[in-house]
Amino acid sequence: GMKIGHLRFKVRDVERAVVFYTGHLKMTLTERVGDDYAFLGCGDAHHEIALMKVKGTGLSPSPESTGFEHVAFELPDKRAFADTFMGLSKSGVAVKPIDNGISWAMYFADPDGHRVELFCDNRGIPGGRLTWGGISDELDVEVIKAAREA
């Protein structure tokens, strides 16, 4: 069946974006075309993210406009979530952790302002909900830290 192949982000500085995605998200740089394009993967695919350099100083869309809102990557479990959250936080990335009932999620922006979500699916674990139902509660950092020890 059909599946999403990749997302292409317009960026001001390809190298800065590559450093962010390979460093913080541990993605792999699979191909680069000069300073204009880079392709990043996190699985078996050639790439899930394509970066395209754009020149100029055009305005970014306002948060109220329609269009693409964020990209989400799934982490394997709460421990991986906690490790990644702590690493991002220590690196100075402004991360917002949320308990969505069906998942733990963290939201942050890349250097060009694209919103990124990293999440772990909690539907199959004790206490996990099967449907989202609109729940978005603040996730306490101490609860996240405890998941590293579990």
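Criteria and thresholds
- Counting from 1, residues in each chain are numbered in the order their sequence is written.
- Per-residue local features are limited, in this predicted model, to residues with pLDDT of at least 70; the limit for side-chain atom pairs, both in listing and counting, is 80 or more; totals at the level of whole chains, interfaces and linings are taken over all residues.
- To get the side-chain values, all heavy atoms of the structure are used, and hydrogens and water are removed first.
- Starting at the N terminus, helices and strands are each numbered in turn, a helix being any DSSP run of H or I of at least four residues and a strand any DSSP run of E of at least two.
- With C-alpha atoms as the basis for the radius of gyration, the globule rule is written as 2.2 Å multiplied by the number of residues raised to the power 0.38.
- A simple rule labels every residue: compare its accessible area, found with a 1.4 Å probe on the protein chains alone, to the largest value its type can have, and call it buried under 20%, exposed over 50%, or partly exposed in between.
- The contact criterion used is simple: two residues touch if any of their non-hydrogen atoms lie within 4.5 Å.
- Method for areas: the Shrake-Rupley scheme with a 1.4 Å probe, in which residue coverage is limited to the protein chains shown.
- Positive charge is attributed to Lys and Arg, negative charge to Asp and Glu, and no charge count is given to His or to the chain ends.
- Lysine's charge is taken at NZ, arginine's at CZ, aspartate's at CG and glutamate's at CD.
- In this analysis, axes come from line fits to C-alpha atoms, helices being fitted only over the stretch in contact, and the angle between any two N-to-C directions falls in the range 0 to 180 degrees.
- Small angles under 35 degrees read as roughly parallel and large ones over 145 as roughly antiparallel, with 65 to 115 read as roughly perpendicular and the rest as oblique.
- Two helices crossing with the near one rotated counterclockwise from the far one by less than a right angle form a left-handed crossing, whereas a clockwise rotation gives a right-handed crossing.
- Under the scheme applied here, ten amino acids are nonpolar (Ala, Val, Leu, Ile, Met, Phe, Trp, Tyr, Cys and Pro), four are charged (Asp, Glu, Lys and Arg), and all others, including Gly, are polar.

Participant: Describe the overall build of the protein, naming the residues involved and giving the relevant values.
Facilitator: Assigned secondary structure in the protein consists of three helices and nine strands. A compact globule built from 150 residues would reach a C-alpha radius of gyration of about 15 Å, and the protein, at 16 Å, matches this within 12%. For the protein, buried positions account for 35% of its 150 residues. When contacts within the protein are restricted to residue pairs at least 6 apart in sequence, long-range pairs at least 24 apart make up 55% of them. Total accessible area computed for the protein in this model is approximately 9300 Å², and 54% of it derives from carbon and sulfur atoms. In the protein, 18 positive and 22 negative side-chain charges are present, and the distance between their average locations comes to 3 Å.

Participant: Please set out the packing of helix α2 (residues 78-90) against helix α3 (residues 141-149) residue by residue, giving values where relevant.
Facilitator: Closest axis-to-axis distance for the α2/α3 pair is 8 Å, and the angle between their directions is 120°. On the basis of the axis angle, α2 is oblique to α3. Between α2 and α3 lies a crossing whose hand is left-handed. Across from Lys78, Arg79, Phe81, Ala82, Asp83, Phe85 and Met86 in α2, the residues of α3 making contact are Val141, Ile144, Lys145, Ala147, Arg148 and Glu149. Here the residues of the contact of α2 with α3 are counted per class, giving seven nonpolar, no polar and six charged.

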